[in-house]
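Reading the structure
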Amino acid sequence: MPNEKPKPKNDDELPEEVFRVARLGQTERPFTGKYVNEKAMGIYLCAVCGHELFSSETKFDSNTGWPSFTEPADPAKIKLETDNSSGMKRTAVSCQNCGAHLGHVFDDGPQDRGGKRYCINSVCLELKESGKGPTDDT
Ligand SMILES: [Zn+2]
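Since we're looking at a predicted model, the values are computed, not measured.

What counts, and at which threshold
Residues numbered from 1 in each chain as written. Predicted model: local features only at pLDDT ≥ 70, side-chain atom pairs only at ≥ 80, totals over all residues. Buried ≥ 20, exposed ≤ 12 C-beta atoms within 10 Å, placed from the backbone. Helix = DSSP H or I, 4+ residues; strand = E, 2+ residues; numbered from the N terminus. Pairing = 2+ DSSP bridges. Axes fitted to C-alpha atoms, helices over the stretch in contact; angles between N-to-C directions.

A few words on unusual backbone geometry. Of note, F31 is a non-glycine position whose phi angle comes to about 65°, a positive value. Using a count of 11 C-beta atoms within 10 Å as the deciding quantity, one classes F31 as exposed. With phi around 60°, N63 is a residue other than glycine that occupies positive phi space. Among the secondary structure elements, N63 is positioned in the loop between β3 (59-60) and β4 (68-69).

This is the structure we're talking about:
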């Protein structure tokens, strides 16, 4: 059922690279993530719990080396927190459902699309491509 709350994976079920970012708040190396240049349409899910986080419609080429989005699929599905680590004042983005650290949001996104850049680690995302499998219940 679509409304069923996704159940997060246990920490010991997570691949090491996912654990490091989602649970320890680390950042994957730029231009190494599997979704940096991904162009397929669909919805990006939380790699830990399957919560729907970002739509491919808001993804854009930021040339920063990480998948970048102008806005979340639903603001209620992500959590924003001030992050003063690394000597920078940033806003950290995490999954509202399971608390996985996802990345950071910056104010240097496309001005004509709201000016935000959600800079998200590929390892924290899982793309569910649209057009594959059943699309709805009808
Ligand atoms: Zn999650």
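The discussion continues.
Glancing now at the sheet that holds strand β2 (residues 52-55). Strand order in the open sheet formed by 3 strands is β2-β1-β9, with antiparallel pairing between adjacent strands. A single partner strand is all that each edge strand has here, and the edge strands are β2 and β9 (125-129). The sheet shows a mean angle of 35° between the axes of neighbouring strands, direction not considered. Looking at chain direction, strand β1 (residues 42-46) and β9 are connected through 5 bridges and run antiparallel. By the bridge assignment, C46 is partnered in β9 with L125.

Once that is clear, we can look at the pairing of strand β5 (residues 78-83). Two elements, β5 and strand β6 (residues 90-95), share 6 bridges in a ladder whose sense is antiparallel. Bridge assignment links D83 to a residue of β6, and that residue is R90. Joining the antiparallel neighbours β5 and β6 is a turn of 6 residues, in which S86 adopts a positive phi near 60°.

Within the open sheet, the 6 strands sit side by side as β3-β4-β8-β7-β6-β5. Their pairing is antiparallel. Only two strands of the sheet have a single partner each, and these edge strands are β3 and β5. Sheet analysis places β3 next to β4, joined by 2 bridges and oriented antiparallel. When the bridges of β4 are listed, K59 appears paired with F69.

With respect to the element layout, P75 can be found in the loop between β4 and β5. In this structure P75 comes out as exposed when scored by C-beta crowding, with 10 C-beta atoms within 10 Å. Through-space distance from the C-alpha of P75 to that of T27 is 22 Å; in sequence the pair is 48 residues apart.

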